[in-house]
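# Breakdown of the fold
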Amino acid sequence: MIEQLVVEGLAIGACYGLFGIAVAIIYKTSEVVNFAQGEMGMVATFVAFHILTVYHVPFWLAFVLTLLFAAALGALIQTCFLRPAKDPTVLGLIIITLGAEMLLMGLAGWKWGAEQKDFPFILSVQKTREIAPGLELNEWSMGVFVLSAVIMLILFLFFRYSRLGIAMRATQQNVNAAKVMGIKVERVFAITWAMSSVIGAVAAMFFAARSVLDPNFMMEPFMRAFAAAVLGGLTSIPGVVAGGLIMGIVENVFGYRWPEWKPIVAFVVIVLILTLKPSGLFAKHFVKKV
Amino acid sequence: MLSVKNIETWYDLIRALHGISFEIKEGAIVALLGSNGAGKSTTLKTIMRLLDDDQPEKGTIEFMGRRIDRLDTEEIVRMGISYVPEGREVFPELTVMENILMGAYTRRDRKGVQEDIETVFGHFPILKQRAGQQAGHLSGGEQQMLAIGRALMSRPKLLMLDEPSLGLSPLLTREIFSIIRDINERGVTILLVEQNVNMALKYSTFAYLMENGRIVRADKPEVLREDEDVKEFYLGVATEQSVKGYKRYRRKVRFR
């Protein structure tokens, strides 16, 4: 029984981790916590829903189109909302993302309505397969494991070996020095937002498949994924994933024992982490040498 | 090669540069000297366009006959000006090699980049040994070498260095300066900002002296070295004796 709980916890945790990566990528580049992240994912999921139900295209095509839309949306929000900010402070930019969140939520409510819908996801939560004696795994979980592993591998290779990836890390560490290297930092920020938005959209579609689709459905997953990201330390991508997995297990096991308390576990964790080890469990930080 | 005419730079309501003009000839090592707050670093940052977008308020900057005072930093780098910021500013969590590669960000020719990496390692052999290490773990002197090496990777025509001797031992300072001279001999023009006036006068071919956001002297280093004011206020050589034989109250600077 406990194995089953852990495996399911790991699956939902991987999904938190994936969404946490999306938050962490933006946080790493600009120290801005993007509160619109959830709603960006929500709008992208609605676009997928729209493509699927109105145009009846195959799921994979809709998936790819949605990711393209998500990339454009991320870059658009960065260029239209954050870039024009004059003398931006981190706090000011965070408030701007809050504004963007409300805007997106209103937009989705206006276009698709507030009633709940079923998101026709290709991987079902019901269909399970026995992977070991007494241990069952549903299609959805397998999908999450595979996709999050693939995305992490791609991110690792991208940040390690590609010119743009290294330039993104350089921009994170020192914006002015990056400018002096001839890096177009504004473009780097836009690309960061696009990447983050794409990853967030993938995670959001998985979340939608588990619950229902309405303009508010990403609120709770966002808060939990954010808690998971803080748990792992917002600056390290493996840390965020580890934080997500831990969060998933804790929540699932705890929630099985005391179901009525399940929704607040994430927030207890966030409070505990912020009081005991605010930099997160796995964060590493470089103190500037003078 | 670079000609700065009458530029004024403001930090909000404070005027940091009161309209300065100077010129840099190709192949020279030009030093910009002065004490704290004279506006030396501001001058370099103004040229690189690292300050607010509307700076400089007045004046023009021309590089190779083209105005650059309203271009983006990134375009200025592409035109062939490279800048080593004060306090080194390497990317601490990138490896030494990645730092060097970032210096070549504007370039596309892989082969040329490889050659230039070898040239940089030729100037600074220690960086080759440390190629895989995180730059944040290097010593101050090594970080300065890395910052200079990184700046060379864009194949600049003009290299601007902001206080390369900051926080280095006299021995390392001498080493850095002799490497700067080597780089100059390979055809890179150099603009140097320094507080270490003695060193800078030794290695430069022309020097400007700044005070309170103005250029107050412009001459060859041999001439400046013999100047009474420079001697007293920057080189600490002349101490005036009064009739009675003890040091007189500190003389005021006459520059205006």
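Here the structure is a predicted model, which is why all the values come from computation and not from measurement.

### What about the overall build of chain B?
Broken down by element type, chain B carries ten helices and ten strands. Here chain B has a C-alpha radius of gyration of 19 Å; the compact-globule value for 256 residues is 18 Å, and the two agree. Dimensions of chain B along its principal axes, counting C-alpha atoms only, are 70 × 40 × 30 Å. A buried classification covers 42% of the 256 residues belonging to chain B. Counting only contacts in chain B whose residues sit at least 6 apart along the sequence, the fraction spanning at least 24 positions is 67%.

### Here's the deal with the confidence of the model for chain B
All names here are of chain B. Taken over all residues, the pLDDT of chain B has a mean of 84, while the share at 70 or more is 92%. Within chain B, the element-level pLDDT minimum falls on helix α10 (residues 228-235), averaging 73, and the maximum on strand β7 (residues 158-162), averaging 91. Quick note on the complex model: pTM equals 0.85, ipTM equals 0.81.

### Describing helix α8 (residues 185-210) of chain A
In a regular helix each residue adds 1.5 Å, so 26 residues correspond to 38 Å; α8 of chain A covers 38 Å between its end C-alpha atoms and thus fits that length. Within α8 of chain A, 22 of the 26 residues are buried, which leaves the element mostly enclosed by the surrounding structure.

### Here we look at the sheet that holds strand β3 (residues 29-34) of chain B
All names here are of chain B. With mixed pairing, the six strands of this open sheet are ordered in space as β6-β7-β8-β3-β9-β10. Edge positions in the open sheet fall to β6 (81-84) and β10 (214-219), since each of these has one partner strand only. The sheet shows a mean angle of 20 degrees between the axes of neighbouring strands, taken without regard to direction. Judged from the five bridges that link them, β7 and strand β8 (residues 189-194) form a sheet pairing that is parallel. The residue of β8 that forms the bridge with Met160 is Leu191.

### Looking at the interface of chain B and chain A
Taken together, the contact pairs 21 residues of chain B with 17 residues of chain A. Listed by contribution, the elements that provide at least two residues to the side of chain B that touches chain A are α2 (73-79) and α3 (96-103) of chain B. Its residues placed into classes, the side of chain B that touches chain A shows eleven nonpolar, five polar and five charged.

### So, helix α6 (residues 140-152) of chain B
Residues and elements named next belong to chain B. With 13 residues, α6 should cover 18 Å at 1.5 Å per step; its first-to-last C-alpha distance of 19 Å lies within 8% of that length. The element α6 is largely enclosed, with a buried count of eleven among its 13 residues. Within the span of α6, buried status applies to Glu142, Gln143, Gln144, Met145, Leu146, Ala147, Ile148, Gly149, Arg150, Ala151 and Leu152. The secondary structure elements touched by the buried residues of α6 are β6, α3, α4 (110-123), α5 (125-129), β7 and α7 (170-185).

### Some details on the domain arrangement of chain B
Residues and elements named next belong to chain B. Entries for chain B in the domain assignment read domain 1 (1-80 + 156-256) and domain 2 (89-155). One C-alpha centre belongs to domain 1, the other to domain 2; they are set 25 Å apart. On the domain 2 side, the residues contacting the twelve residues of domain 1 number ten residues. Of all the secondary-structure elements, those providing two or more residues to the side of domain 1 that touches domain 2 are α2 and α7. Within the side of domain 1 that touches domain 2, the residues separate by chemical class into nine nonpolar, one polar and two charged.

Conventions used here
- Residues numbered from 1 in each chain as written.
- Chains lettered and ligands numbered in written order.
- Predicted model: local features only at pLDDT ≥ 70, side-chain atom pairs only at ≥ 80, totals over all residues.
- Helix = DSSP H or I, 4+ residues; strand = E, 2+ residues; numbered from the N terminus.
- Rg over C-alpha atoms; globule rule 2.2 N^0.38 Å.
- Buried ≥ 20, exposed ≤ 12 C-beta atoms within 10 Å, placed from the backbone.
- Contact = placed C-beta atoms within 7 Å.
- pLDDT = per-residue confidence, 0-100.
- Expected span 1.5 Å × (residues − 1).
- Pairing = 2+ DSSP bridges.
- Axes fitted to C-alpha atoms, helices over the stretch in contact; angles between N-to-C directions.
- Nonpolar A, V, L, I, M, F, W, Y, C, P; charged D, E, K, R; others polar.
- Domains from an automatic or database assignment.

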